[in-house]
Amino acid sequence: MVKLRNRFVLADSACRDTVRDILEQVRREGDRAVVALTRKFDAPNLTREQLRVTDEEYEQAERLVEPEFRETLSFAAARIRTFHEREMEDSWLLTRDDGTITGRLVRPVDSAGLYVPGGRVAPHPWSHRCS
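Note that this is a predicted model, so its numbers are computed, not measured.

Basis of the calculations
- Residues numbered from 1 in each chain as written.
- Predicted model: local features only at pLDDT ≥ 70, side-chain atom pairs only at ≥ 80, totals over all residues.
- Heavy atoms only, no water.
- Helix = DSSP H or I, 4+ residues; strand = E, 2+ residues; numbered from the N terminus.
- Buried < 20%, exposed > 50% of the residue type's maximum accessible area, 1.4 Å probe, protein only.
- Contact = heavy atoms within 4.5 Å.
- pLDDT = per-residue confidence, 0-100.
- Salt bridge = Lys/Arg side-chain N within 4 Å of Asp/Glu carboxyl O.
- 1 Å grid on protein atoms, 1.4 Å probe; cavity = no way out; pocket = protein on both sides within 12 Å on 5 of 7 lines; lining within 4 Å.
- Points joined across faces, edges and corners; volume = space filled by probe spheres on them.
- Axes fitted to C-alpha atoms, helices over the stretch in contact; angles between N-to-C directions.
- Parallel < 35°, antiparallel > 145°, perpendicular 65-115°, else oblique.
- Nonpolar A, V, L, I, M, F, W, Y, C, P; charged D, E, K, R; others polar.
- Polar contact = N/O pair within 3.5 Å; in protein donor to acceptor, adjacent residues only side chain to side chain.

K.L.:
Talk me through the overall build of the protein chain; I want residue IDs and the actual numbers.
P.N.:
Of regular secondary structure, the protein chain possesses five helices and two strands. In sequence order, the protein chain lays out its α and β elements as α-α-α-α-α-β-β. Among the 131 residues that make up the protein chain, the fraction classed as buried is 7%. The contacts in the protein chain between residues at least 6 apart in sequence include a share of 29% that link residues at least 24 apart.

Put into structure tokens, the structure is as follows:
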């Protein structure tokens, strides 16, 4: 319990270097690196097909979660969504005098994955430490 309460400590450089190396691997190799690293740190039998949670898995997990926790999670998600919706940028186009069209197109992605290691800054009880 003491470790959980005193979880906000500076990460050492070894942890930072490890995270940088992991991010670089994932940038270069994509899902192949994610699977290899997950096998190394968390789930030795993970396959690429298991990266996406199926509807059945989601529904089964939802049934196992206490209603109070689900309500708290929904509350937190709504706050996070509201905050980040304000950060959204708009697309824009500009037609120059010579007819050239320039601008920026902002498009949301259909889905995204997220891996949140605990490290030493704000660890989650279920995550691994870098050291």
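Moving on from the model shown.
K.L.:
I'd like a description of the confidence of the model for the protein chain, backed by residues and values.
P.N.:
Overall, the predicted model of the protein chain reaches an average pLDDT of 81, with 78% of residues at or above 70. By mean pLDDT, helix H1 (residues 2–5) is the weakest element of the protein chain at 58, and strand E1 (residues 92–95) is the strongest at 93. Within the model, pLDDT remains below 50 along residues 123–131, and this stretch shows 19 contacts once partners closer than five positions in the same chain are excluded.

K.L.:
Which residues make up the pattern of salt bridges, and what values go with them?
P.N.:
Using the criterion set out here, one finds seven salt bridges in the structure. Arg 28 serves as the salt-bridge partner of Glu 24, at 3.9 Å between the closest nitrogen and oxygen. Of the two residues, Glu 24 and Arg 28 both sit in helix H2 (residues 13–29), four residues apart, roughly one turn of that helix. On the basis of relative accessibility, which here comes to 54%, the residue Arg 28 falls in the exposed class. Note that Glu 29 is salt-bridged to Arg 28, the shortest N-O span being 3.5 Å. A relative accessible area of 29% means that Glu 29 is categorised as partly exposed. Overlapping salt bridges, with partners in common, bring together Glu 24, Arg 27, Arg 28, Glu 29 and Arg 32 in one network.

K.L.:
Describe in detail the layout of surface pockets, supporting the description with residues and values.
P.N.:
The computed volume of the second largest pocket comes to approximately 260 Å³. Residue lining of the second largest pocket: Met 88, Glu 89, Val 106, Arg 107, Pro 108 and Val 109, and that is the complete set.

K.L.:
Hey, could you go over the packing of H2 against helix H3 (residues 31–41) for me, with residue numbers and the actual values?
P.N.:
Two elements in contact, H2 and H3, have axes whose closest approach is 6 Å; the angle formed by their N-to-C orientations is 140°. When the axes of H2 and H3 are compared, the pair comes out oblique. Across from Ile 22, Gln 25, Val 26 and Glu 29 in H2, the residues of H3 making contact are Asp 31, Arg 32, Ala 33, Val 34, Leu 37 and Phe 41. For the contact of H2 with H3, the per-class residue count stands at six nonpolar, one polar and three charged.

K.L.:
Describe the side chain of Thr 38, with residues and values.
P.N.:
With respect to the helices, strands and loops of the structure, Thr 38 is situated in helix H3. Among the residues examined, Thr 38 registers a relative accessible area of 18% and is labelled buried. At a separation of 2.7 Å, a polar atom in the side chain of Thr 38 contacts the main-chain carbonyl oxygen of Val 34.

K.L.:
Account for H3, with residues named and values stated.
P.N.:
Along H3, the positions that sit buried rather than exposed are Ala 33, Val 35, Leu 37 and Thr 38. Turning to H3, the residues buried within the fold contact H2.

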